[in-house]
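One letter stands for each residue in the lines below.
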Amino acid sequence: GKVRAPTHIVSTICDDRGEEPTYAGVAMSTIIEKDFGVGDVISLLWFKRSLPRYCTKFIEMCILLCADHGPCVSGAHNTIVTSRAGKDLVSCLVSGLLTIGPRFGGAIDDAARYFKDANDRKLSPYEFVESMKGKGIRVPGIGHRIKSRDNRDKRVELLQQYARSHFPSVKYMEYAVIVETYTLSKASNLVLNVDGCIGSLFLDLLASCAMFSQQEIDEIIEIGYLNGLFVLARSIGLIGHTFDQRRLKQPLYRHPWEDVLYSKYV
Ligand code: ACO
Ligand code: LMR
């Protein structure tokens, strides 16, 4: 009989062997003919299925709204400094991307994990937040350096507004909002941030669109797909900052002495 030689790689998302490449079985020509957008392509290549338009539109909104947040944030700062050191595009991009993590942009997966666990265990916001405090963990998805009760994050408002009118259910987002009400009673900058908003709303998307089994949802959350949205989105801005610095012919950056506390005693 036939003996199948063992393969060294298993791959399930894109097949380039036929007449035309396919994304999760969908031919490139279909993607173009049907006017698919980047949200559809993300659905195919990340989730291996076509999601309904309200989901792909939400994914696209996340990409559009997280594409950039000015030159002062960790990622853009690194990219700008790297660009001014004369480095190539990829180096500038990755130096910015490397700052994405639990404090900056990369709190989406953990926000989804903790909000899901707390909501499913029916913890009150008090029980949830105080138990996190007891463990010495900052609540992922809560808190911002410049946004606050009186200076709300427009991105969060826009995503919430969209989800409220298009998602079948927003129960996880509502939970995140009552957590925010509690954290805001402690300090005015402890708002639901864009990571927490996307994390909780993606839970709602996964749970309510009837396209995923519970096992698949658990896998998506466990593997940590959702930070990918921020990484992808912010790459757009970081590439923009690289070009901007080059176009402006900015010289090598050196941080000013006056802005450093040189001290042996801290
Ligand atoms: N949960 C609970 N308490 C918090 C949180 C939080 N998420 N954030 C701040 N606090 C409290 C703490 O008591 C903190 O004191 P500590 O340093 O002794 O623990 C106190 O507020 C002071 O915090 P600030 O100095 O005002 O916060 P900072 O500006 O340094 O941090 C940050 C902002 C990094 C976003 C923080 O709130 C945090 O770690 N949040 C969780 C991670 C997160 O969601 N990051 C994504 C941000 S959005 C984005 O990057 C796109
Ligand atoms: C961002 O999107 O980069 C931010 O929310 C972080 C910030 O400090 O503005």
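Preceding this paragraph is the structure being described.
Residues numbered from 1 in each chain as written. Chains lettered and ligands numbered in written order. Predicted model: local features only at pLDDT ≥ 70, side-chain atom pairs only at ≥ 80, totals over all residues. Heavy atoms only, no water.

(A) Inspection of helix α7 (residues 125-134) at higher detail. Turning to α7, its buried residues are P125, F128, V129 and M132. Along the axis of α7, the buried residues cluster in a sector spanning 85°; they form a single face. Structural note: α7 exposes Y126 and G134 on the side pointing more than 90 degrees away from its buried face. Two residues or fewer past α7, G136 is found with a positive phi of approximately 75°. (Buried < 20%, exposed > 50% of the residue type's maximum accessible area, 1.4 Å probe, protein only. Helix = DSSP H or I, 4+ residues; strand = E, 2+ residues; numbered from the N terminus. Arc of directions from axis to C-beta.)

(B) Unusual backbone geometry, seen in detail. You will see that A24, though not glycine, has its phi angle at about 45°, which is positive. Within the secondary structure, A24 sits in the loop between β2 (22-23) and β3 (26-27). Of note, the phi angle at A210 is positive, near 60°, even though the residue is not glycine. The residue A210 is located in the loop between α10 (194-208) and α11 (214-223) in this model.

(C) Up close: the site of ligand 2. Surveying the vicinity of ligand 2 reveals the residues H69, V73, F104, H144, R155 and R234. The side chain of H144 places a nitrogen or oxygen atom 2.7 Å from an oxygen atom of ligand 2. In this structure, an oxygen atom belonging to ligand 2 sits 2.8 Å away from a side-chain N or O atom of R234. The protein chains hide 84% of the 270 Å² of surface that ligand 2 would expose on its own. Placement of ligand 2 is best described as lying within the largest pocket. A per-class count over the shell around ligand 2 returns 2 nonpolar, 2 polar and 2 charged. (Near = heavy atom within 4 Å. Polar contact = N/O pair within 3.5 Å; in protein donor to acceptor, adjacent residues only side chain to side chain. Areas by Shrake-Rupley, 256 points an atom, 1.4 Å probe, with all protein chains shown as cover. 1 Å grid on protein atoms, 1.4 Å probe; cavity = no way out; pocket = protein on both sides within 12 Å on 5 of 7 lines; lining within 4 Å. Sits in = over half its atoms within 2 Å of the grid points. Nonpolar A, V, L, I, M, F, W, Y, C, P; charged D, E, K, R; others polar.)

Shape descriptors only; they carry no functional weight alone.
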